[in-house]
Every structure is written in structure tokens, then in C-alpha cells.
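The chain contents come next:
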Amino acid sequence: MKSVLFSRFFILLPWILIVIIMLDVDTRRPAPPLTPRPYFSPYVVGRGGARLPLRRGGPDSGPGRGWQKRNESRPQPRPEPPLPTIYAITPTYSRPVQKAELTRLANTFRQVAQLHWILVEDAAARSELVSRFLARAGLPSTHLHVPTPRRYKRPGLPRATEQRNAGLAWLRQRHQHQRAQPGVLFFADDDNTYSLELFQEMRTTRKVSVWPVGLVGGRRYERPLVENGKVVGWYTGWRADRPFAIDMAGFAVSLQVILSNPKAVFKRRGSQPGMQESDFLKQITTVEELEPKASNCTKVLVWHTRTEKVNLANEPKYRLDTVKIEV
């Protein structure tokens, strides 16, 4: 029995030695060079969340060099010009619907990129209501105040003149000692309703742009009449003989035009109710230079809605609430 086992062992022994020798030789062979295929690192994230391929080895294998060399042959996109800032000047005054209308306006402005809100109170000091409102609005804003002289508060006289001029003065002072970035000025009263499309239209204003306004002048809308891309007249329900028969919400002005005309303001002397738009625009442009927007002034993107006058007749008839609530 032992002789049989020994004979089989000596028969298998040469083959075992051959296998051991072959394995030892294979492990001593040099490792094959790395393939040029890229690998992905979970710590390098490209645009849109895609991982970027990296390369191993080589003299240009420093941080980021591999990705840079891979893009040398590709055309680099041109940097986009800065988005013009829209400066919205809003005169406001204390009244029961003030916060409600400012809330509606702020909800619109939050959806507009690169907008700076200049809110000007008709008051001798900033009110707590408006200060708290702006602090919570989450908008780039400037809070100003200037009172309207009592002699100008009579019915039939132009309103918000001092407040709009205060906004103009702030803009000019802000850009007095620095190169003005692209910008557009818009007078955004707080009793209007604005389509977001309107802000897209006005942002390309080169000098003064115009468009229709709904629910003004005793008509469904007023608008500039346009032929061959030029304003040639006015569709209006009140004083079509005005040089610029347009509502305050119906135009925007380039910031550069405002800075180039430092004396252009809203005037009290010699200005009649409903004529302040014309008196202001005459100082900075002509009808021939106006830029029609909103599909050649055929689309209404802003409405002079006005909040209904609030009925508070029952307030003095009943005992006031013990909790003071801001409305």
C-alpha cells in the first residue's frame, strides 16, 4: 500500500514543481502601463452635477491641469453682459390699504431678477409699518421719506412729486462718483398691477421705452400709436393734445439718461394734474425717440387697478380690540 502511495507522489511531484515555478515567474513580471482611459472622482463635480474625467500621471498632472488641457481646443463661451438693474421708485403714504398694496407689489418684485426697490414715504419720518415691512420683504431696497408741503395737498394738484424727485436724487447721488452699471428706471406706483413680462420688456431700454396701460383715462386702456416702429400718436381718453399722453406706469428711462440730465425732475410750478409725465419726458427725450415695447404697444402688461376705498364706517361705533394688530 505504501509503495503505491509513494509511486503516485513521485509521479505528481514534477508537475507540482512546474506549477510553482510558473506562478513565481508570473508575479515577477513588470506591471502593464496604465491605460489612457479616464477615471471619475466623486469629489470633482462639473456643471449640471456631472463628474469630470481626470487623467493620471504626466508632467501636466497638477490640480486642474488635466481638465484645462482637455478644454484648450474647445471654443470658450463669451461671458454674458451684466443684467441691467431695474430701479423701481414707489411713492407711498399712510392709509388703510397701504400695507396690502405694498404686499402685492413686493410679491411681484420678488420674482424679478436684479431689481432695486426705492420706496419713498410721504412723511416727515420713516414709519414703523413700512420699516418692518421692508425688513421682512427680502428685497434689495432703499427706504426714503419726504413730506409733501401742506399747500400742495389740495384736491386737483399733482401728487407724489416730492417723493419721485427724492428717488431721482438718491439715484444720482449713488452713481455720482462711480461708473454707472447698466440700469433702467421705472416709476412703479403701489396701486397698479404688473405682469412679470413687463420687466423683461423694459430691461432692454436704450433711452426711453413706452407701452400701453390698462384701465386709465376712462377707457379700457391707453397706448401709443405706432407705425413702422415709431410712435406717431396716442390712443387716449383724456387730453390727446398732451405732448406725451401717457400714464406714469407707461414708460421706463435708461439710468444713463437720468444721470446725463441731472436737472430733469418733476415740477410743481406750471405743471397741471395729469401733465407731470409730459413735463418730465420733455426734459429728456422726444416723441420720435421713444422705443415701443409690448409688441409695438399692442399688449397690456400693467393695469391701474386701484384698491377700492375701504369702508370703515363701523370702526367708531364699536369698542376697539384690546389687541393692537397691524393691518
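Quantities reported herein were computed from a predicted structural model and do not represent experimental measurements.

Draft legend 1. Geometry of the layout of surface pockets. When its volume is computed, the largest pocket comes out at roughly 1400 Å³. Every residue lining the largest pocket is counted, 44 residues in all, and those nearest its centre are Arg159, Asp189, Asp191, His304 and Arg306. Approximately 470 Å³ is the volume found for the second largest pocket. Taken together, 17 residues make up the lining of the second largest pocket; nearest its centre are Glu315, Lys324, Ile325, Glu326 and Val327.

Draft legend 2. Region of interest: the packing of aromatic side chains. For the coordinates displayed, the defined rule picks out 13 aromatic pairs. Between tyrosine 221 and tyrosine 235, the ring centres sit 5.2 Å apart and the planes meet at 25 degrees, which makes this aromatic pair stacked. Of this pair, tyrosine 221 sits in strand E10 (residues 221–227) while tyrosine 235 sits in strand E11 (residues 230–235), and the two are 14 residues apart along the sequence. You can call tyrosine 221 partly exposed: its relative accessible area is 24%. Here tyrosine 235 falls in the partly exposed class, since its relative accessible area comes to 28%. Three or more aromatic residues link up through ring pairs in this structure, and these residues are Phe109, Trp117, Phe133, Phe186, Tyr194, Phe199 and Trp211.

Draft legend 3. Quick peek at the environment of alanine 188. Structurally, the position occupied by alanine 188 is in the loop between strand E6 (183–187) and strand E7 (193–194). For the pair alanine 188 and leucine 105, spaced 83 residues apart in sequence, the C-alpha to C-alpha distance is 8.8 Å. Setting aside its immediate chain neighbours within four residues, alanine 188 contacts Ala88, Ile89, Thr90, Leu105, Phe109 and Tyr194.

Draft legend 4. Fine view of the UniProt feature "glycosylation site" (unreviewed entry) in the protein. When the UniProt feature table is mapped onto this chain numbering, "glycosylation site" (unreviewed entry) sits at Asn296. Positionally, asparagine 296 belongs in helix H9 (residues 294–297). The residues contacting asparagine 296, other than those within four sequence positions of it, are Arg223, Val226 and Gly229.

Draft legend 5. Fine view of the packing of helix H3 (residues 98–109) against helix H4 (residues 128–137). Where H3 contacts H4, the axes come no closer than 11 Å and their chain directions differ by 20 degrees. With respect to H4, the axis of H3 lies roughly parallel. By crossing handedness, the relation of H3 to H4 is classed as right-handed. Of the residues in H4, those in contact with Gln98, Lys99, Leu102, Thr103 and Ala106 of H3 are Leu129, Val130 and Phe133. Of the residues contributing to the contact of H3 with H4, the split by class is five nonpolar, two polar and one charged.

Draft legend 6. Region of the structure containing the nonpolar core. Counting residues in each nonpolar core, the largest one holds 31 residues, and the members touching the most others are Phe187, Phe251 and Phe280. In this structure phenylalanine 280 touches Leu168, Phe187, Phe251, Val253, Ile258, Ala264, Val265 and Phe266, once residues within four positions along its chain are discounted. Counting 30 residues, the second-largest nonpolar core is a separate cluster that includes Leu115, Leu134, Val213 and Ala249.

Draft legend 7. Here's a closer look at the UniProt feature "active site" (unreviewed entry) in the protein. The sites that carry the UniProt feature "active site" (unreviewed entry) are, in the present numbering, Glu277. Mapped onto the elements, glutamate 277 comes out in helix H8 (residues 276–281). Leaving out residues up to four positions away in the same chain, glutamate 277 has contacts with Ile246, Asp247, Met248 and Phe251.

Draft legend 8. A look at a nonpolar patch on the surface. Side chains of Val323, Ile325 and Val327 sit close together on the surface and give an oily, nonpolar patch of about 320 Å² of accessible area. Summarising the element assignment, valine 327 is placed in the segment after strand E14 (302–303). Judged by relative accessible area, valine 327 falls into the exposed class, the value being 67%.

Draft legend 9. Geometry of the pattern of salt bridges. Counting across every chain of the model gives 12 salt bridges. Between lysine 299 and glutamate 197 there is a salt bridge, with its nearest N and O atoms 2.6 Å apart. On the criterion of sequence distance, the pair formed by lysine 299 in the loop between H9 and E14 and glutamate 197 in helix H6 (residues 196–202) is long-range, its members being 102 residues apart. Exposure remark for lysine 299: the relative accessible area of 30% places this residue in the partly exposed category. A cluster of three or more residues bridged by salt bridges with shared partners is formed by Arg95, Glu101, Arg104 and Asp190.

Parameters at a glance
Residues numbered from 1 in each chain as written. Predicted model: local features only at pLDDT ≥ 70, side-chain atom pairs only at ≥ 80, totals over all residues. Heavy atoms only, no water. 1 Å grid on protein atoms, 1.4 Å probe; cavity = no way out; pocket = protein on both sides within 12 Å on 5 of 7 lines; lining within 4 Å. Points joined across faces, edges and corners; volume = space filled by probe spheres on them. Phe/Tyr/Trp six-rings, centres within 6.5 Å; stacked < 30°, edge-to-face > 60°. Helix = DSSP H or I, 4+ residues; strand = E, 2+ residues; numbered from the N terminus. Buried < 20%, exposed > 50% of the residue type's maximum accessible area, 1.4 Å probe, protein only. Contact = heavy atoms within 4.5 Å. UniProt positions renumbered as here; feature names shortened; annotations may be inferred. Axes fitted to C-alpha atoms, helices over the stretch in contact; angles between N-to-C directions. Parallel < 35°, antiparallel > 145°, perpendicular 65-115°, else oblique. Left-handed = near helix turned anticlockwise from the far one by under 90°. Nonpolar A, V, L, I, M, F, W, Y, C, P; charged D, E, K, R; others polar. Core = buried A, V, L, I, M, F, W, Y, C linked by side-chain atoms within 4.5 Å. Patch = residues over 30% accessible without salt bridge, like charges linked within 9 Å, V, L, I, M, F, W, Y side chains within 5 Å. Areas by Shrake-Rupley, 256 points an atom, 1.4 Å probe, with all protein chains shown as cover. Salt bridge = Lys/Arg side-chain N within 4 Å of Asp/Glu carboxyl O.

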